[in-house]
Amino acid sequence: VTLARAHRSFEDLQKELEDIVAKLERGDVPVDDAIALFQRGEALYRACVERLEAAELRVEQLTRDETGGPAA
Amino acid sequence: VKIKPILYGERKVYTVSAFNRGVARFLGRLPEVWVEGEVTELRRNEAWATVFLTLKDPRTGATLKVTVARTLYDRLDLTLDEGEAVHVQGRAELWEARGELGLRATAIERVGLGGHLVALEHLKRKLAEEGVFAPERKRALPRVPRAIGVLTGADAAARGDFLTTVERRFRATNVVVCDTRVQGRGAPAAIISSLRALAAHPDVDVVVIARGGGSFEDLLPFSNEAVVRAVAACPVPVVSAVGHEQDTPLCDLAADLRAATPTAAAALVVPDERELRAALDGCSQRLERALRARLERNGEHLARVSGRLRAAPGALLERRRAGLDHLVVRLQALSPRATLARGYAVVRAGGEAVRDAGAVAVGERLDIELAAGSLGARVEDARP
């Protein structure tokens with residue numbers, strides 16, 4: 001299970017979770033796969049919620065040069 | 001001051017005051033004219049009877065001092081800004097005390113608006129024909145951006161409104177702010193370079209242009225052709241929140257989405273955390289339900305199989321019993337009793353069934369079994 005937080009956007013994780021739910025809801029997966037999917041989904045859900053809880057607003061400032069635009 | 005020369009022999013010499021007065025009178029005979037230029041160095045003070053400004057020719061940089069009576073200036077109610085193009089009606093005058101040429105204004109009108117509007121309308125039509133504003137060019141915003149690039153002027157209100165709303169809706173947001181000169185001569189180039197810098201940032205996947213309200217002229221850089229094209233060509237989606245509701249700078253049309261205010265833009269680019277949580281929880285619940293349903297369906301199948309399994313012995317017995325009954329009937333059909341009933345008899349000698357006349361001797365005792373009862377008999381004669 002790869003949930004590497006630095007590399008995947010929240011949107012990605014959420015999308016995968018939704019896909020898993022949809023797949024499981026179609027009900028055509030073998031039982032063993034269904035259980036594996038469920039566990040993956042749970043992990044994704046926890047990862048999403050964790051990100052919501054841990055984070056705060058971060059503001060970065062691009063500095064300006066003398067032309068009034070950003071410095072290179 | 002008298003305009004009379006002092007004579008130094010043959011030479012006529014004028015005092016500075018006399019010269020200035022003379023030139024001033026000469027200039028005073030010039031007709032009233034209209035002069036066009038850009039307003040710079042506007043100085044109005046309640047304590048002064050005169051308002052001073054300098055008109056500048058934008059092409060050559062030539063300047064002309066203008067004076068206007070403060071009462072007249074206030075009556076015109078222009079609230080002119082630096083850099084605005086105006087028409088000034090007036091007469092040339094010389095400030096005698098300093099020998100400076102000026103224009104004494106009798107009327108001032110703001111110009112360029114009409115010209116700007118026509119030019120804008122032209123540009124709008126041209127860009128529309130090129131498809132720069134086409135709806136099919138509009139891209140969807142990321143549902144949850146990794147980072148939002150924000151282009152603002154040194155506009156604390158727009159920036160503050162935006163950040164506050166973003167934080168309230170979705171705390172887990174990264175914002176990259178780029179303060180940019182958004183007004184005046186260098187603004188278009190600065191806006192374009194900021195836009196590029198924000199889009200080039202590795203995490204930024206949506207850019208918001210947050211510029212609060214301003215005059216028509218203030219917002220002109222956002223209708224600049226190069227800026228509008230840069231917005232349309234921006235590699236990440238752009239939300240334009242420029243000016244107020246009623247303003248529609250062309251960059252609003254080129255952007256992927258338009259917001260009336262920076263606050264509205266914030267609501268467009270980040271999801272509402274509560275809604276997102278609800279959606280996530282919904283996902284989690286559906287996940288559980290789907291798995292349970294899957295397993296239950298499997299359980300039902302199992303139950304059906306095991307039910308059949310458990311029912312099997314009974315059914316088998318039943319079938320066997322049916323078979324047995326059939327057999328019994330057949331068996332009964334084969335029973336000697338049935339044969340006896342049809343009139344046959346079983347002859348035994350010494351308990352053994354007699355099948356051959358040669359097997360018995362004359363005078364031997366026989367037992368004859370009938371359907372009902374039996375007989376004892378003796379052999380009279382035998383014919384093997």
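The sections below set out a description of the structure shown in this document. (Residues numbered from 1 in each chain as written. Chains lettered and ligands numbered in written order. Predicted model: local features only at pLDDT ≥ 70, side-chain atom pairs only at ≥ 80, totals over all residues. Heavy atoms only, no water.)

A complete count under the given rule lists 25 salt bridges over all chains for this structure. Here R143 of chain B and E11 of chain A are joined by a salt bridge, their closest N and O atoms 3.9 Å apart. Note that R143 of chain B is positioned in the loop between α3 (113-130) and β8 (147-152) and E11 of chain A in helix α1 (residues 10-26), a pairing that runs across two chains. You can call E11 of chain A partly exposed: its relative accessible area is 22%. We note a salt bridge from D256 of chain B to R139 of chain B, for which the minimum N-O separation is 2.9 Å. Taken together, the positions of D256 of chain B in the loop between α7 (250-254) and β12 (257-258) and R139 of chain B in the loop between α3 and β8 put the pair 117 residues apart, joining distant regions of the chain. Accessibility expressed as a relative area gives 30% for R139 of chain B, which makes it partly exposed. Among the charged side chains, a salt-bridge network with shared partners connects R44, E46, R70 and D74 of chain B. (Salt bridge = Lys/Arg side-chain N within 4 Å of Asp/Glu carboxyl O. Helix = DSSP H or I, 4+ residues; strand = E, 2+ residues; numbered from the N terminus. Buried < 20%, exposed > 50% of the residue type's maximum accessible area, 1.4 Å probe, protein only.)

The subject of this paragraph is helix α8 (residues 262-269) of chain B. Residue and element names in this part refer to chain B. Burial in α8 covers these residues: P262, A265, A266 and V269. Considered in projection along α8, the buried side chains sweep an arc of 100 degrees and stay on one side of the axis. Where α8 is buried, its residues touch β8, α4 (156-169), β10 (204-211) and β11 (238-242). (Arc of directions from axis to C-beta. Contact = heavy atoms within 4.5 Å.)

Residues and elements named next belong to chain B. Two strands pair when backbone bridges link them, and strand β4 (residues 50-56) and strand β5 (residues 63-69) are joined in this way by seven bridges, in the antiparallel orientation. Opposite T54, over in β5, you have K65 as the bridge partner. The turn joining β4 and β5, which pair antiparallel and follow one another in sequence, is formed by six residues; a positive phi near 85 degrees is taken by G61. With three bridges connecting them, β5 and strand β7 (residues 100-110) associate as parallel partners. Pairing of V66 across the sheet is with L103, part of β7. (Pairing = 2+ DSSP bridges.)

Pairing is parallel across the open sheet formed by six strands, whose spatial order is β1(A)-β9(B)-β8(B)-β10(B)-β11(B)-β12(B). Taken across any chain shown, the strands that pair with only one partner, and hence form the sheet edges, are β1 (58-62) of chain A together with β12 of chain B. Of the pairings in the sheet, the one linking β8 of chain B to β10 of chain B comprises six bridges and is parallel in character. What sits directly across from A147 of chain B, in β10 of chain B, is V204 of chain B. Strand contacts of helix α5 (residues 187-200) of chain B: β1 of chain A together with β8, β9 (174-179) and β10 of chain B, with the helix running at about 170 degrees to β8 of chain B, the strand carrying the most contacts. Lying over the sheet, α8 of chain B contacts β8, β10, β11 and β12 of chain B, oriented at roughly 160 degrees with respect to β11 of chain B. (Axes fitted to C-alpha atoms, helices over the stretch in contact; angles between N-to-C directions.)

Right, let's get into the environment of R365 of chain B. Residue and element names in this part refer to chain B. You can see R365 is positioned in strand β15 (residues 365-369). Between the alpha carbons of R365 and A377 there is a distance of 5.7 Å; along the sequence they are twelve residues apart. Discounting chain neighbours no more than four positions away, the residues touching R365 are A349, G376, A377 and R378.

The subject of this paragraph is the environment of V228 of chain B. Residue and element names in this part refer to chain B. Assignment of secondary structure puts V228 in helix α6 (residues 225-233). Judged by relative accessible area, V228 falls into the buried class, the value being 0%. Sequence separation between V228 and L250 is 22 residues; the distance between their C-alpha atoms is 6.3 Å. Each residue touching V228, except ones within four places of it in the same chain, is listed here: L127, V132, F133, F222, S223, L250, C251 and A254.

Okay, the sheet that holds strand β14 (residues 352-353) of chain B next. Strands pair in a sheet through their backbones, by hydrogen bonds, and they do so in one of two ways: parallel or antiparallel. The strand order β14-β13-β15-β16 (chain B) describes an open sheet built from four strands, whose pairing is antiparallel. At either end of the open sheet lies a strand with only one pairing partner, and these are β14 and β16 (374-378) of chain B.

This next bit is on the interface of chain B and chain A. Where the parts come together, the accessible area they lose is often given as the size of the interface. Opposite the 43 residues of chain B that make contact, chain A presents 40 residues. Summed over both partners, the interface of chain B with chain A comes to about 3800 Å²; 60% of that surface belongs to carbon and sulfur atoms. Of all residues in chain B, the largest losses of buried area upon contact with chain A belong to R143, L280 and L287 of chain B, amounting jointly to 18% of the total for that side. Where chain B touches chain A, the interface holds three salt bridges. Our count for the contact surface shared by chain B and chain A stands at twelve residue pairs in polar contact (both at pLDDT 80 or more). Class assignment for the residues of the side of chain B that touches chain A results in 21 nonpolar, eight polar and 14 charged. (Buried area = accessible area lost by both parts, 1.4 Å probe. Polar contact = N/O pair within 3.5 Å; in protein donor to acceptor, adjacent residues only side chain to side chain. Nonpolar A, V, L, I, M, F, W, Y, C, P; charged D, E, K, R; others polar.)

The values are spatial; any link to function lies outside them.
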